[in-house]
Amino acid sequence: MAGSSVIPGENNFNDETTVTPPTLLRSVASGLLALVIAGATAAAQTIATSPSIVVFSTAACLGDPPPKDVTTTNTGTGTLTWRMTSTPPAWLSLSPTGGSAPSTITVAPHTAGLGVGVHRFTMILSSNDPATPSLSKEVIVIILPCVGGGVKVPGGPPPGPPAMYEVELTAIGFTGEHSTLPDCQVRLNGTDRLSGVLSGYESNTPDDDVVYTGTLLRDTDVDYCLDKGRRNPGDDERVYCTASLVGFDATDVELTVYGDSTRGAWMKAATSPPKVAGRSVSSQCDPQTIIAVKNGYPYEVDGGGMAPNGQEIDDTKALDPNGRPVTFFARGLARLRVGTYPPDANSGTGRTGNGWTLRVIRKIH
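Conventions and cut-offs
- Residues numbered from 1 in each chain as written.
- Predicted model: local features only at pLDDT ≥ 70, side-chain atom pairs only at ≥ 80, totals over all residues.
- Heavy atoms only, no water.
- Helix = DSSP H or I, 4+ residues; strand = E, 2+ residues; numbered from the N terminus.
- Buried < 20%, exposed > 50% of the residue type's maximum accessible area, 1.4 Å probe, protein only.
- Contact = heavy atoms within 4.5 Å.
- Areas by Shrake-Rupley, 256 points an atom, 1.4 Å probe, with all protein chains shown as cover.
- Pairing = 2+ DSSP bridges.
- Axes fitted to C-alpha atoms, helices over the stretch in contact; angles between N-to-C directions.
- Salt bridge = Lys/Arg side-chain N within 4 Å of Asp/Glu carboxyl O.
- Disulfide = S-S within 2.5 Å.

A. Representation of the overall build of the chain. The secondary structure content of the chain amounts to two helices and 20 strands. Buried residues in the chain amount to 40% of all 365 residues. For the chain, the share of sequence-separated contacts (at least 6 apart) that also reach a separation of at least 24 residues comes to 63%. Summed over all atoms, the accessible surface of the chain reaches about 19200 Å², with 55% contributed by carbon and sulfur.

Have a look at this one:
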């Protein structure tokens, strides 16, 4: 046909050459870009894992501790895929090494031939989460000696294998320098929790103290009520601000159970290497105060403000799983015993119940 234009290799629907106005092309392109952006936003995927840290404890003669699970979930709307991008050492198995959320990763230590001490591995998950394409999770395996390490009584037998207990320590409340809730609004039931395994060499000699140690997972979600002083010199009313702290850490705990009926137990704690910890603060306080709250966790050393270091563990109101009284010191021997040990009414900063509750869940060995 006269005036037709046929271009080889192109789709030709008529014999007329059609030219699309540049303005229309721009409009169509903008619309398509908007659709692509909207689609990407609607389909965003967000990776989340639990627990924050994986900690195993065992003795060299007891074999492998039971495996633990790490759950991988997607809090977004798109499809989340992930894969393991770090190679585990020979003493650790991870399965599976890839998949889509939700999924469960089984973490299994192999302790045969593993030396006494603390062994660490950083598990790295890569995913299609645009905000967090790489996520790290610490795996800690603690191997204790089977003999030695206890206190040898002159003329008595050497200390035996360590006794091991699954425990949970919990503090409920908020952090502040006062005994009643001031003007600032804080949650009264924030939670700080330590969980894992403690072990110690239990002497069969009467009146001996027993020291239990372990590295525990610490999860924190508490509010701070902070005293900011007075607006002007001489003011009666003080100024407060609030902060919420969420964090996790691997915390080294030492719990001494005293070898008499009057003293109960005493807890000391220190953070593991800082690279293990993670924490965030939301607050309307000034930037300096926010930094102080963030850096102060979990390093408090005076036992105040819900810090686990320097805390008394009372057994005067303790109950076993059947609701019967239980105590650390019985028949002349100090022991951790299965049961719940609530804080003394005047523990912590003076608020009722503001101390650490110890729950001895079970004796492992």
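That was the structure; now back to the text.
B. The arrangement of the sheet that holds strand β5 (residues 92-95) in detail. An order of β1-β3-β7-β5 is seen for the four strands of this open sheet, with the pairing classed as antiparallel. Where the open sheet ends on each side, the last strands, each with one partner, are β1 (47-50) and β5. Strand after strand, the sheet turns through a mean of 20° between neighbouring axes, direction not considered. Bridging between β5 and strand β7 (residues 103-109) involves four bridges; their strand directions are antiparallel. Across the sheet, Ser 95 pairs through a bridge with Thr 106, a residue of β7.

C. Local environment of the pattern of salt bridges. For the structure shown, the criterion picks out twelve salt bridges. Across the pair Asp 223 and Arg 187 runs a salt bridge, and its minimum N-O distance is 2.8 Å. Taken as a pair, Asp 223 in strand β12 (residues 210-230) and Arg 187 in the loop between β10 (163-173) and β11 (190-200) lie far apart in primary sequence, 36 residues in all. Arg 187 gets classed as partly exposed once you look at its relative accessible area, which sits at 31%. A salt bridge links Arg 263 to Asp 209, with the nearest nitrogen and oxygen atoms 3.8 Å apart. Here the residue Arg 263 occupies a position in the loop between β13 (238-257) and β14 (265-271), and Asp 209 occupies one in the loop between β11 and β12, the gap between them amounting to 54 residues. The network of salt bridges with common partners includes Glu 168, Arg 193 and Arg 359.

D. Structural detail: the state of the cysteines. What the rule picks out here adds up to one disulfide. A sulfur-sulfur distance of 2.1 Å marks the disulfide that ties Cys 241 to Cys 285. For the disulfide bridge between Cys 241 and Cys 285, the dihedral angle about the S-S bond is near 110°, and by the sign convention the bridge is right-handed. Highlighted residues: Cys 241 in strand β13 and Cys 285 in the loop between β15 (278-283) and α2 (287-296), separated in sequence by 44 residues. Taken as a pair, Cys 241 and Cys 285 share a single burial class, namely buried.

E. Just the pairing of strand β3 (residues 68-74), in detail. Sheet analysis places β1 next to β3, joined by four bridges and oriented antiparallel. Each bridged residue has a counterpart across the sheet, and for Ile 47 the counterpart in β3 is Asn 74. Bridge count for β3 against β7 is five bridges, and the pairing is antiparallel. If you follow Val 70 over to β7, its bridge partner there is Ile 105.

F. Highlighting unusual backbone geometry. For the bond from Ser 50 to Pro 51, the omega torsion is 0°, close enough to zero to count as cis. Note on placement: Pro 51 falls in the loop between β1 and β2 (54-59). Pro 102 follows Ala 101 through a cis peptide bond whose omega is 0°. Mapped onto the elements of the fold, Pro 102 is located in the loop between β6 (98-100) and β7. At Asp 207, a position not held by glycine, the phi torsion is positive, near 70°. Positionally, Asp 207 belongs in the loop between β11 and β12.

G. View of the pairing of strand β4 (residues 81-84). Of the two faces of β4, the one holding Trp 82 and Met 84 is buried and the one holding Thr 81 and Arg 83 is not buried anywhere. Examined bridge by bridge, β4 and β6 share three bridges and lie antiparallel to one another. Along β6, the bridge assignment pairs Trp 82 with Gly 99.

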